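# Inside the fold
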Amino acid sequence: MARGFGVSVVIETLARGLAARGVAVTIGCVEQDGTIQGLDIRPVKPQPDAIAALAQAVGATVLVAHTSPFFEALPALQGAFSCWAWEHGDPSPAFFDSDRAAREAVVRHKQERVYPALTGVVAISEFIAHDIGWPQAHLIFNGCDHVPDRGSKGLQDYPLGDGAPLKIGTLMRIGQGEARYKGLQVFLDLATAVRASGLHADMHIMGRGTPEDAKPFQAAGIHTHLNATDEERAAYLRGLDVFISPSLWEGCNLPLLEAQALGTAGLAYDTGAHPEMTPLLAANARDMLSLVQAYAQDRGLLRRHSLMCYHFVRRRYRWSSAVDDTVRLFGLTAGTQPMPLGGPLPVPRRGWLGVHAKKLLWSLRAEGVFGAARRTKAYLSYHLHKDRSG
């Protein structure tokens, strides 16, 4: 359990929501950084005997694993407890050279030996349910309202007409271990393209990393912000004009949701779960640059797209809904003790909105950004409600 990891955010927020409903939660993990306070967090080895001993000590009846190697320990405990895998997904092994075979083996083992042996599986997105090869997984979506609601932005928040540069930024872990799937080089290439286009813009990146990790971005003229607090993170995301996710795989892109929830337009590539997370998708770097250039020319368009993104995520991704779904699925009542287990461990496929997203991207190219923007909100609203309802 540590700051800077999406799985930790999910576990912490759900645990606090369940506690508010009178459901006691103990979090077992391999290690923690001590920054998460007010929750019952205990060290536990990812072994069946150790997990069972902790569960019995706290009176837990439901065990929920969020990562490997806790997933692999649960089949031995099924029956004595109600055991669930809460899947955040694994980036495609193709993104990793050194341990690709080992990652492929982990995926196969879960499909063949773990999921079938448990009470059930939870997936955090439509994309993840299919990407893990378990489409019958129960869907519980993450929320975005752990960040403060400062409302949507007005035209006064976009002083571009006064000659101010367009402020473009991203947020991600910037270490080399996840560089390929997080799209670090993609963001560096975009910064180069923005500069070559003559666009008046400032590029920013915030993330968890070391000064050494930051050097390539600083050398490229990108403003780099390392290891920020939650308050600094929220201020940064709110202060951007455009948030861009260069990631090539995401089961749920929390920074993308957070930026939009703070009133900033959120752009992403049409990969992974991104079609579920934002109405603004790009098929390639050319599309991404074109949209950014359009924002620089028309702050009214930027404001409308920011408002669309704000309502898109605030209406659909709520932690209270996630807690409600958890209580119903696990049959929890006040006094029940679920125990989440997990900690951060380290072929993109189209998500559930892929067809509609492609139609939208086609319309952006055919009509131009300005014409397509007029009908984007109504088009996506119709298909989102239609697809989400089944």
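This text gives an overview of the structure that appears in the document. (Residues numbered from 1 in each chain as written. Predicted model: local features only at pLDDT ≥ 70, side-chain atom pairs only at ≥ 80, totals over all residues. Heavy atoms only, no water.)

## Quick notes on the overall build of the protein
The secondary structure content of the protein amounts to 16 helices and 13 strands. Within the protein, buried positions represent 55% of all 390 residues. In the form shown here, the protein has an accessible surface area of approximately 16200 Å², with 53% of it arising from carbon and sulfur atoms. (Helix = DSSP H or I, 4+ residues; strand = E, 2+ residues; numbered from the N terminus. Buried < 20%, exposed > 50% of the residue type's maximum accessible area, 1.4 Å probe, protein only. Areas by Shrake-Rupley, 256 points an atom, 1.4 Å probe, with all protein chains shown as cover.)

## A look at the packing of helix H12 (residues 285-297) against helix H13 (residues 299-316)
Closest axis-to-axis distance for the H12/H13 pair is 5 Å, and the angle between their directions is 115°. In contact with Leu-291, Ala-294, Tyr-295 and Gln-297 of H12, H13 contributes Arg-299, Leu-301, Leu-302 and His-305. (Axes fitted to C-alpha atoms, helices over the stretch in contact; angles between N-to-C directions. Contact = heavy atoms within 4.5 Å.)

## What to know about the pattern of salt bridges
Under the criterion given, the structure shown has 12 salt bridges. For Glu-12, the salt bridge goes to Arg-16, with nearest N and O atoms at 3.0 Å. Residue Glu-12 and its partner Arg-16 are located together in helix H1 (residues 6-20), separated by four residues, close to a single helical turn. Given a relative accessible area of 10%, Glu-12 falls into the buried group. On the basis of relative accessibility, which here comes to 33%, the residue Arg-16 falls in the partly exposed class. Here Glu-250 ties to Lys-182 by a salt bridge, and the two come within 3.0 Å at their closest N and O atoms. Linking Glu-250 in the loop between strand S10 (242-245) and helix H10 (254-261) with Lys-182 in helix H6 (residues 179-182), this pair joins segments that are 68 residues apart in sequence. A single burial state applies to Glu-250 and to Lys-182, both of which are buried. Salt bridges sharing partners connect three or more residues here, namely Glu-87, Asp-90 and Lys-110. (Salt bridge = Lys/Arg side-chain N within 4 Å of Asp/Glu carboxyl O.)

## Here's the deal with the environment of Asp-40
Its location among the elements puts Asp-40 in strand S2 (residues 40-43). Since its relative accessible area comes to 28%, Asp-40 is described here as partly exposed. Sequence spacing of Asp-40 and Met-339 is 299 residues, and the spatial spacing of their C-alpha atoms is 9.9 Å. For Asp-40, the contacting residues outside a window of four places in its chain are Val-25, Thr-26 and Ile-27.

## So, unusual backbone geometry
For the peptide bond that leads from Ser-68 to Pro-69, omega is 5°, which places it in the cis range. Within the secondary structure layout, Pro-69 lies in the loop between strand S3 (62-65) and helix H3 (70-73). Unlike most non-glycine residues, Asn-227 shows phi in positive territory, near 50°. Assignment of secondary structure puts Asn-227 in the loop between strand S9 (223-226) and helix H9 (230-239).

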